[in-house]
Amino acid sequence: MRLLPADPPPGPTRPTFWRSPLRSVWLTSMLGSVLLVGVGIVAVTGLLSHAAYQPDLGNNGLIEKDIGVLVIGWPTSPGWLYAFTQGLHVTIGIIIVPLLLAKLWSVIPRLFAWPPVTGPVNALERIGILLLVGSTIFQFATGIANAQLYYPWHFNFVGAHYYGGLIFIASLVLHVAVKVPAMRRAYATRREVLGPEDDELRAPDPAPGTLSRRGLFGLVGAAAGTLAVTTAGQSIGGPLRDVALFAPRGTGASFPINKTAAVARITPAMVGPAYRLKLVGDDERELTLAELAAMPQHTYDLQIACVEGWSTTQQWTGVRLRDLAAAAGMPDAAAMAAGSLQPRGAFRQATIGPGQIGHPHSLLALRVNGAPLSLDHGFPARVIVPALPGVHCTKWVKELHFT
Ligand SMILES: Nc1nc2c(c(=O)[nH]1)N[C@H]1C(S)=C(S)[C@@H](COP(=O)(O)O)O[C@H]1N2
Ligand SMILES: [Mo]
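Computed from a predicted model, the values in this text were never measured in an experiment.

**Describing empty space enclosed by the protein**
By the definition in use, this model includes two cavities of 30 Å³ or more. When its volume is computed, the largest cavity comes out at roughly 600 Å³. Broken down by secondary-structure element, the contributors of at least two residues to the lining of the largest cavity are α1 (25-53), α2 (81-95), α5 (120-147) and α6 (157-188). Residue classes in the lining of the largest cavity are distributed as 20 nonpolar, eleven polar and one charged. Reported here for the second largest cavity is a volume of approximately 30 Å³. What lines the second largest cavity is Gly-79, Trp-80, Tyr-82, Ala-83, Gln-303, Ile-304, Ala-305, Ala-387 and Leu-388. Of all the secondary structure elements, the ones that give two or more residues to the lining of the second largest cavity are α2 and β3 (298-305). By residue class, the composition of the lining of the second largest cavity is seven nonpolar, two polar and no charged. Counting contributing residues, the lining of the second largest cavity receives three or more from each of domain 1 (15-243) and domain 2 (268-402).

**Quick look at a nonpolar patch on the surface**
Residues Leu-124, Ile-127, Leu-131 and Ile-167 make up a contiguous nonpolar surface patch of roughly 390 Å² in combined accessible area. Of the residues forming the nonpolar patch, the biggest block, three residues, is contributed by α5. Accessibility expressed as a relative area gives 41% for Ile-167, which makes it partly exposed.

What counts as what
Residues numbered from 1 in each chain as written. Chains lettered and ligands numbered in written order. Predicted model: local features only at pLDDT ≥ 70, side-chain atom pairs only at ≥ 80, totals over all residues. Heavy atoms only, no water. 1 Å grid on protein atoms, 1.4 Å probe; cavity = no way out; pocket = protein on both sides within 12 Å on 5 of 7 lines; lining within 4 Å. Points joined across faces, edges and corners; volume = space filled by probe spheres on them. Helix = DSSP H or I, 4+ residues; strand = E, 2+ residues; numbered from the N terminus. Nonpolar A, V, L, I, M, F, W, Y, C, P; charged D, E, K, R; others polar. Domains from an automatic or database assignment. Patch = residues over 30% accessible without salt bridge, like charges linked within 9 Å, V, L, I, M, F, W, Y side chains within 5 Å. Areas by Shrake-Rupley, 256 points an atom, 1.4 Å probe, with all protein chains shown as cover. Salt bridge = Lys/Arg side-chain N within 4 Å of Asp/Glu carboxyl O. Buried < 20%, exposed > 50% of the residue type's maximum accessible area, 1.4 Å probe, protein only.

Below you can see the structure in the form of C-alpha coordinates.
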(Lines give C-alpha, C1' and ligand atoms only; values in the text may rest on other atoms or scores of the structure.)
(Ligands and ions follow the chains in the order given, each with its own letter.)
Protein backbone atom coordinates (compact mmCIF):
# COMPACT_ATOMS: atom_id res chain seq x y z
CA MET A 1 0.00 0.00 0.00
CA ARG A 2 1.40 3.35 -0.96
CA LEU A 3 0.50 6.33 1.22
CA LEU A 4 2.55 8.92 -0.65
CA PRO A 5 2.97 9.52 -4.38
CA ALA A 6 6.17 8.04 -5.77
CA ASP A 7 7.06 11.30 -7.47
CA PRO A 8 7.91 14.20 -5.17
CA PRO A 9 5.39 17.07 -5.13
CA PRO A 10 6.60 20.37 -6.61
CA GLY A 11 8.92 22.36 -4.36
CA PRO A 12 11.95 21.52 -2.20
CA THR A 13 11.26 17.77 -2.31
CA ARG A 14 12.29 17.78 -5.99
CA PRO A 15 16.05 17.34 -6.44
CA THR A 16 15.99 19.93 -9.25
CA PHE A 17 14.81 22.55 -6.72
CA TRP A 18 18.34 22.67 -5.21
CA ARG A 19 20.69 24.17 -7.75
CA SER A 20 23.86 25.33 -6.02
CA PRO A 21 26.82 23.79 -7.86
CA LEU A 22 28.79 23.79 -4.60
CA ARG A 23 26.96 21.02 -2.80
CA SER A 24 28.66 17.66 -2.81
CA VAL A 25 29.49 14.89 -0.38
CA TRP A 26 33.10 16.10 -0.50
CA LEU A 27 32.15 19.64 0.55
CA THR A 28 29.95 18.34 3.36
CA SER A 29 32.71 15.97 4.47
CA MET A 30 35.24 18.83 4.62
CA LEU A 31 32.91 21.11 6.57
CA GLY A 32 31.89 18.20 8.80
CA SER A 33 35.46 17.16 9.58
CA VAL A 34 36.51 20.65 10.71
CA LEU A 35 33.26 21.11 12.60
CA LEU A 36 33.83 17.79 14.35
CA VAL A 37 37.12 19.04 15.83
CA GLY A 38 35.32 22.17 17.07
CA VAL A 39 32.30 20.44 18.61
CA GLY A 40 34.65 17.81 20.08
CA ILE A 41 36.46 20.54 22.04
CA VAL A 42 33.16 22.12 23.03
CA ALA A 43 31.73 18.77 24.20
CA VAL A 44 34.77 17.80 26.29
CA THR A 45 35.12 21.24 27.89
CA GLY A 46 31.37 21.22 28.54
CA LEU A 47 31.65 17.97 30.48
CA LEU A 48 34.67 19.39 32.32
CA SER A 49 32.63 22.42 33.32
CA HIS A 50 29.95 20.10 34.63
CA ALA A 51 32.60 18.29 36.68
CA ALA A 52 33.98 21.61 37.95
CA TYR A 53 30.55 22.54 39.29
CA GLN A 54 30.72 19.39 41.45
CA PRO A 55 26.99 18.90 41.32
CA ASP A 56 27.32 15.95 43.66
CA LEU A 57 28.28 18.34 46.42
CA GLY A 58 25.70 19.78 48.75
CA ASN A 59 23.67 22.71 47.63
CA ASN A 60 25.25 23.25 44.26
CA GLY A 61 21.87 21.74 43.41
CA LEU A 62 22.09 22.17 39.69
CA ILE A 63 20.78 18.91 38.44
CA GLU A 64 18.27 16.51 39.89
CA LYS A 65 19.50 13.36 38.24
CA ASP A 66 23.12 13.45 37.21
CA ILE A 67 24.00 10.76 34.67
CA GLY A 68 27.50 10.97 36.11
CA VAL A 69 29.54 11.31 32.92
CA LEU A 70 33.06 12.40 33.82
CA VAL A 71 32.88 12.38 37.59
CA ILE A 72 36.21 13.72 38.77
CA GLY A 73 37.29 15.76 41.73
CA TRP A 74 38.01 19.18 40.25
CA PRO A 75 41.64 20.18 40.86
CA THR A 76 42.84 23.49 42.32
CA SER A 77 45.90 23.74 40.10
CA PRO A 78 46.82 25.13 37.68
CA GLY A 79 44.88 28.17 38.88
CA TRP A 80 43.88 29.13 35.35
CA LEU A 81 42.37 25.71 34.61
CA TYR A 82 38.70 26.68 34.57
CA ALA A 83 39.36 29.98 32.82
CA PHE A 84 41.08 27.93 30.10
CA THR A 85 38.54 25.13 29.70
CA GLN A 86 35.52 27.40 29.92
CA GLY A 87 37.12 30.09 27.74
CA LEU A 88 37.59 27.36 25.11
CA HIS A 89 34.02 26.10 25.57
CA VAL A 90 32.42 29.49 25.04
CA THR A 91 34.87 30.92 22.48
CA ILE A 92 35.05 27.84 20.23
CA GLY A 93 31.28 27.39 20.59
CA ILE A 94 30.75 30.90 19.18
CA ILE A 95 33.48 30.73 16.54
CA ILE A 96 32.15 27.56 14.89
CA VAL A 97 28.64 28.93 14.33
CA PRO A 98 29.39 29.99 10.69
CA LEU A 99 30.84 26.54 10.06
CA LEU A 100 27.75 24.92 11.55
CA LEU A 101 25.46 27.04 9.35
CA ALA A 102 27.50 26.18 6.24
CA LYS A 103 27.36 22.48 7.11
CA LEU A 104 23.58 22.58 7.61
CA TRP A 105 23.19 24.51 4.35
CA SER A 106 25.25 21.91 2.52
CA VAL A 107 22.88 19.07 3.47
CA ILE A 108 19.57 20.87 3.41
CA PRO A 109 18.25 18.99 0.33
CA ARG A 110 18.42 15.82 2.47
CA LEU A 111 15.89 17.33 4.85
CA PHE A 112 13.36 17.23 2.02
CA ALA A 113 14.35 13.83 0.63
CA TRP A 114 11.47 12.03 -1.06
CA PRO A 115 9.94 9.77 0.12
CA PRO A 116 10.61 11.05 3.66
CA VAL A 117 11.21 7.51 4.90
CA THR A 118 12.17 4.49 2.82
CA GLY A 119 12.17 1.75 5.44
CA PRO A 120 12.71 0.88 9.09
CA VAL A 121 16.52 1.34 9.03
CA ASN A 122 16.17 4.61 7.18
CA ALA A 123 13.50 5.70 9.70
CA LEU A 124 15.93 5.11 12.56
CA GLU A 125 18.63 7.03 10.76
CA ARG A 126 16.25 9.96 10.16
CA ILE A 127 15.22 10.00 13.81
CA GLY A 128 18.92 10.07 14.72
CA ILE A 129 19.44 13.06 12.42
CA LEU A 130 16.41 14.78 13.92
CA LEU A 131 17.88 14.35 17.41
CA LEU A 132 21.28 15.56 16.24
CA VAL A 133 20.04 18.66 14.45
CA GLY A 134 17.51 19.42 17.18
CA SER A 135 19.99 19.08 20.03
CA THR A 136 22.65 21.03 18.08
CA ILE A 137 20.32 23.97 17.57
CA PHE A 138 19.18 23.74 21.19
CA GLN A 139 22.74 23.61 22.59
CA PHE A 140 24.03 26.51 20.50
CA ALA A 141 20.94 28.65 21.10
CA THR A 142 20.86 28.15 24.87
CA GLY A 143 24.64 28.35 25.25
CA ILE A 144 25.01 31.56 23.29
CA ALA A 145 21.98 33.15 24.95
CA ASN A 146 23.42 32.27 28.36
CA ALA A 147 26.84 33.69 27.48
CA GLN A 148 25.04 36.86 26.38
CA LEU A 149 23.10 36.95 29.68
CA TYR A 150 19.84 36.60 27.87
CA TYR A 151 17.33 34.18 29.40
CA PRO A 152 14.21 34.07 27.28
CA TRP A 153 13.23 30.63 28.60
CA HIS A 154 11.64 29.39 31.79
CA PHE A 155 13.65 26.25 32.42
CA ASN A 156 16.84 25.75 34.37
CA PHE A 157 19.70 26.48 31.98
CA VAL A 158 22.31 24.25 33.61
CA GLY A 159 20.09 21.17 33.66
CA ALA A 160 18.73 21.70 30.15
CA HIS A 161 22.18 22.38 28.68
CA TYR A 162 23.57 19.27 30.41
CA TYR A 163 20.89 16.83 29.22
CA GLY A 164 20.85 18.52 25.80
CA GLY A 165 24.61 18.00 25.67
CA LEU A 166 24.30 14.29 26.43
CA ILE A 167 21.72 13.85 23.65
CA PHE A 168 23.96 15.87 21.34
CA ILE A 169 27.05 13.75 22.07
CA ALA A 170 25.18 10.44 21.72
CA SER A 171 23.53 11.39 18.40
CA LEU A 172 26.82 12.86 17.11
CA VAL A 173 28.73 9.65 17.83
CA LEU A 174 26.05 7.69 15.98
CA HIS A 175 26.07 10.12 13.06
CA VAL A 176 29.84 10.03 12.67
CA ALA A 177 29.84 6.22 12.82
CA VAL A 178 27.21 6.07 10.06
CA LYS A 179 28.89 8.69 7.87
CA VAL A 180 32.56 7.67 8.04
CA PRO A 181 32.33 5.37 4.96
CA ALA A 182 30.75 8.12 2.82
CA MET A 183 33.40 10.60 4.01
CA ARG A 184 36.22 8.23 3.17
CA ARG A 185 34.77 7.62 -0.29
CA ALA A 186 34.42 11.36 -0.85
CA TYR A 187 38.01 12.07 0.18
CA ALA A 188 39.34 9.20 -1.92
CA THR A 189 37.63 10.53 -5.07
CA ARG A 190 38.21 14.20 -4.49
CA ARG A 191 39.73 14.87 -7.92
CA GLU A 192 36.91 13.24 -9.82
CA VAL A 193 33.74 15.09 -10.61
CA LEU A 194 31.06 12.70 -9.50
CA GLY A 195 27.73 12.77 -11.27
CA PRO A 196 24.51 13.26 -9.33
CA GLU A 197 23.84 9.54 -9.46
CA ASP A 198 27.01 8.88 -7.43
CA ASP A 199 26.82 11.90 -5.16
CA GLU A 200 23.57 12.26 -3.27
CA LEU A 201 24.28 15.91 -2.52
CA ARG A 202 25.28 17.09 -5.99
CA ALA A 203 22.60 19.14 -7.78
CA PRO A 204 21.30 17.29 -10.85
CA ASP A 205 20.54 20.58 -12.57
CA PRO A 206 23.13 23.04 -11.20
CA ALA A 207 22.80 26.78 -11.70
CA PRO A 208 25.84 28.77 -12.84
CA GLY A 209 28.17 29.29 -9.89
CA THR A 210 28.24 32.62 -8.05
CA LEU A 211 30.81 31.61 -5.44
CA SER A 212 33.66 29.15 -5.79
CA ARG A 213 34.21 26.41 -3.27
CA ARG A 214 37.32 28.25 -2.14
CA GLY A 215 35.19 31.40 -1.83
CA LEU A 216 32.78 29.56 0.45
CA PHE A 217 35.62 28.38 2.72
CA GLY A 218 36.99 31.94 2.72
CA LEU A 219 33.61 33.34 3.72
CA VAL A 220 33.16 30.84 6.56
CA GLY A 221 36.75 31.42 7.70
CA ALA A 222 36.36 35.20 7.68
CA ALA A 223 33.11 35.01 9.67
CA ALA A 224 34.71 32.65 12.19
CA GLY A 225 37.78 34.90 12.44
CA THR A 226 35.63 37.98 13.08
CA LEU A 227 33.79 36.13 15.84
CA ALA A 228 37.12 34.98 17.32
CA VAL A 229 38.51 38.52 17.45
CA THR A 230 35.32 39.94 18.97
CA THR A 231 34.90 37.16 21.56
CA ALA A 232 38.23 35.75 22.70
CA GLY A 233 39.34 38.94 24.49
CA GLN A 234 36.99 38.33 27.40
CA SER A 235 38.90 35.17 28.28
CA ILE A 236 42.40 35.97 27.03
CA GLY A 237 42.53 39.59 28.14
CA GLY A 238 45.14 42.05 26.91
CA PRO A 239 44.45 44.35 23.95
CA LEU A 240 41.88 41.89 22.56
CA ARG A 241 39.62 42.81 25.47
CA ASP A 242 38.96 46.20 23.89
CA VAL A 243 37.52 44.64 20.75
CA ALA A 244 35.54 41.94 22.54
CA LEU A 245 32.29 43.34 21.18
CA PHE A 246 30.41 40.10 21.71
CA ALA A 247 31.52 39.74 25.29
CA PRO A 248 28.64 41.12 27.33
CA ARG A 249 30.92 41.98 30.23
CA GLY A 250 34.10 42.15 28.27
CA THR A 251 34.68 45.33 26.33
CA GLY A 252 37.19 47.37 28.26
CA ALA A 253 35.95 46.03 31.58
CA SER A 254 38.92 44.17 33.02
CA PHE A 255 37.18 43.39 36.32
CA PRO A 256 33.54 42.69 35.53
CA ILE A 257 30.78 42.56 38.11
CA ASN A 258 28.59 39.54 37.67
CA LYS A 259 25.71 40.74 39.79
CA THR A 260 25.61 44.13 41.50
CA ALA A 261 24.73 44.47 45.17
CA ALA A 262 21.59 46.37 44.17
CA VAL A 263 20.34 43.53 41.96
CA ALA A 264 21.22 40.99 44.68
CA ARG A 265 19.32 43.18 47.20
CA ILE A 266 22.24 43.67 49.52
CA THR A 267 21.53 46.74 51.63
CA PRO A 268 24.15 48.84 53.49
CA ALA A 269 22.50 47.84 56.80
CA MET A 270 23.26 44.15 56.12
CA VAL A 271 26.97 44.85 55.83
CA GLY A 272 27.22 47.57 58.52
CA PRO A 273 28.62 47.29 62.07
CA ALA A 274 26.06 44.58 62.88
CA TYR A 275 27.68 42.24 60.35
CA ARG A 276 28.89 38.92 61.76
CA LEU A 277 30.43 35.98 59.96
CA LYS A 278 28.95 32.77 61.30
CA LEU A 279 31.24 29.72 61.38
CA VAL A 280 29.55 26.36 61.85
CA GLY A 281 31.48 23.13 62.39
CA ASP A 282 32.26 21.19 65.56
CA ASP A 283 32.11 24.60 67.20
CA GLU A 284 29.88 27.46 66.28
CA ARG A 285 31.05 31.03 66.52
CA GLU A 286 30.50 34.49 65.16
CA LEU A 287 33.24 36.87 64.05
CA THR A 288 33.09 40.60 63.50
CA LEU A 289 34.81 42.07 60.49
CA ALA A 290 37.53 43.42 62.81
CA GLU A 291 38.10 39.95 64.26
CA LEU A 292 38.36 38.51 60.75
CA ALA A 293 40.84 41.23 59.78
CA ALA A 294 42.90 40.40 62.88
CA MET A 295 43.42 36.79 61.69
CA PRO A 296 46.51 36.04 59.54
CA GLN A 297 46.02 37.64 56.13
CA HIS A 298 47.39 36.27 52.86
CA THR A 299 47.66 37.89 49.44
CA TYR A 300 47.57 36.06 46.08
CA ASP A 301 46.85 36.78 42.46
CA LEU A 302 43.75 34.72 41.74
CA GLN A 303 41.41 34.39 38.83
CA ILE A 304 37.66 34.64 38.62
CA ALA A 305 36.49 32.55 35.68
CA CYS A 306 32.80 32.73 34.91
CA VAL A 307 30.82 30.00 33.19
CA GLU A 308 29.82 32.68 30.66
CA GLY A 309 33.39 32.66 29.36
CA TRP A 310 34.98 35.81 30.76
CA SER A 311 37.80 35.73 33.27
CA THR A 312 39.95 38.18 35.19
CA THR A 313 42.96 38.01 37.50
CA GLN A 314 43.14 40.33 40.53
CA GLN A 315 45.14 40.49 43.72
CA TRP A 316 43.08 39.21 46.63
CA THR A 317 43.81 39.44 50.36
CA GLY A 318 42.02 37.57 53.11
CA VAL A 319 41.85 34.69 55.55
CA ARG A 320 42.66 31.15 54.42
CA LEU A 321 39.61 28.91 54.28
CA ARG A 322 41.57 26.21 56.10
CA ASP A 323 42.24 28.63 58.99
CA LEU A 324 38.50 29.28 59.18
CA ALA A 325 37.84 25.52 59.12
CA ALA A 326 40.22 25.18 62.06
CA ALA A 327 38.51 28.08 63.81
CA ALA A 328 35.24 26.16 63.47
CA GLY A 329 36.91 23.14 65.08
CA MET A 330 37.10 21.21 61.78
CA PRO A 331 40.66 21.44 60.43
CA ASP A 332 40.03 18.39 58.18
CA ALA A 333 36.65 19.43 56.84
CA ALA A 334 35.60 17.52 53.71
CA ALA A 335 33.06 20.07 52.52
CA MET A 336 32.28 23.72 53.05
CA ALA A 337 29.00 25.38 52.20
CA ALA A 338 29.14 29.17 51.89
CA GLY A 339 25.91 31.03 52.54
CA SER A 340 25.36 34.57 51.31
CA LEU A 341 23.53 37.54 52.79
CA GLN A 342 21.75 37.67 49.47
CA PRO A 343 18.10 37.20 50.37
CA ARG A 344 16.94 35.25 47.34
CA GLY A 345 18.15 33.32 44.36
CA ALA A 346 20.43 30.52 43.34
CA PHE A 347 23.52 31.99 45.00
CA ARG A 348 22.39 31.62 48.56
CA GLN A 349 24.73 28.69 48.98
CA ALA A 350 27.56 26.96 47.14
CA THR A 351 29.55 23.95 48.32
CA ILE A 352 33.22 23.15 47.73
CA GLY A 353 35.30 20.06 48.47
CA PRO A 354 38.36 19.15 50.57
CA GLY A 355 40.91 20.06 47.86
CA GLN A 356 39.50 23.56 47.64
CA ILE A 357 39.30 24.08 51.43
CA GLY A 358 42.84 22.86 52.02
CA HIS A 359 44.59 24.85 49.30
CA PRO A 360 46.72 27.65 50.83
CA HIS A 361 45.49 30.11 48.18
CA SER A 362 41.80 29.51 48.96
CA LEU A 363 40.62 32.63 50.73
CA LEU A 364 37.73 34.33 52.32
CA ALA A 365 38.81 37.63 50.80
CA LEU A 366 38.34 40.94 52.57
CA ARG A 367 40.38 43.06 50.18
CA VAL A 368 41.15 43.22 46.48
CA ASN A 369 44.06 45.11 44.93
CA GLY A 370 44.98 46.52 48.33
CA ALA A 371 41.61 48.11 49.13
CA PRO A 372 38.57 46.72 50.97
CA LEU A 373 36.14 44.90 48.67
CA SER A 374 33.63 47.15 46.98
CA LEU A 375 30.02 46.35 47.78
CA ASP A 376 29.51 45.04 44.23
CA HIS A 377 32.45 42.66 44.52
CA GLY A 378 31.12 41.13 47.73
CA PHE A 379 31.94 43.36 50.73
CA PRO A 380 32.50 42.51 53.55
CA ALA A 381 33.83 39.06 52.56
CA ARG A 382 33.81 36.72 49.60
CA VAL A 383 35.11 33.27 48.74
CA ILE A 384 37.90 33.05 46.17
CA VAL A 385 39.49 29.69 45.29
CA PRO A 386 41.99 28.79 42.55
CA ALA A 387 40.57 27.08 39.43
CA LEU A 388 37.03 27.10 40.81
CA PRO A 389 34.19 28.25 38.53
CA GLY A 390 33.34 31.86 39.42
CA VAL A 391 29.82 30.83 40.31
CA HIS A 392 31.08 29.14 43.51
CA CYS A 393 33.05 32.20 44.64
CA THR A 394 30.20 33.36 46.84
CA LYS A 395 29.97 37.10 47.52
CA TRP A 396 28.59 38.83 50.65
CA VAL A 397 29.36 35.74 52.73
CA LYS A 398 27.23 35.40 55.84
CA GLU A 399 28.11 31.91 57.03
CA LEU A 400 30.47 29.04 56.39
CA HIS A 401 29.36 25.51 57.26
CA PHE A 402 32.10 22.90 57.54
CA THR A 403 31.23 19.19 57.50
N1 LIG B 1 26.10 35.97 46.50
C2 LIG B 1 26.50 35.87 45.20
N3 LIG B 1 27.73 35.45 44.92
C4 LIG B 1 28.14 35.34 43.65
C5 LIG B 1 27.27 35.65 42.57
C6 LIG B 1 25.96 36.10 42.88
O7 LIG B 1 25.14 36.40 42.02
N8 LIG B 1 25.61 36.20 44.23
N9 LIG B 1 27.70 35.48 41.27
C10 LIG B 1 28.77 34.48 41.10
C11 LIG B 1 29.30 34.44 39.74
S12 LIG B 1 28.36 33.63 38.60
C13 LIG B 1 30.54 34.93 39.43
S14 LIG B 1 31.21 34.70 37.91
C15 LIG B 1 31.34 35.71 40.42
C16 LIG B 1 31.66 37.07 39.86
O17 LIG B 1 32.31 37.87 40.81
P18 LIG B 1 32.44 39.45 40.59
O19 LIG B 1 31.06 39.99 40.39
O20 LIG B 1 33.13 40.00 41.77
O21 LIG B 1 33.27 39.62 39.34
O22 LIG B 1 30.66 35.83 41.64
C23 LIG B 1 29.92 34.71 42.07
N24 LIG B 1 29.40 34.93 43.40
MO1 LIG C 1 29.55 33.41 36.74
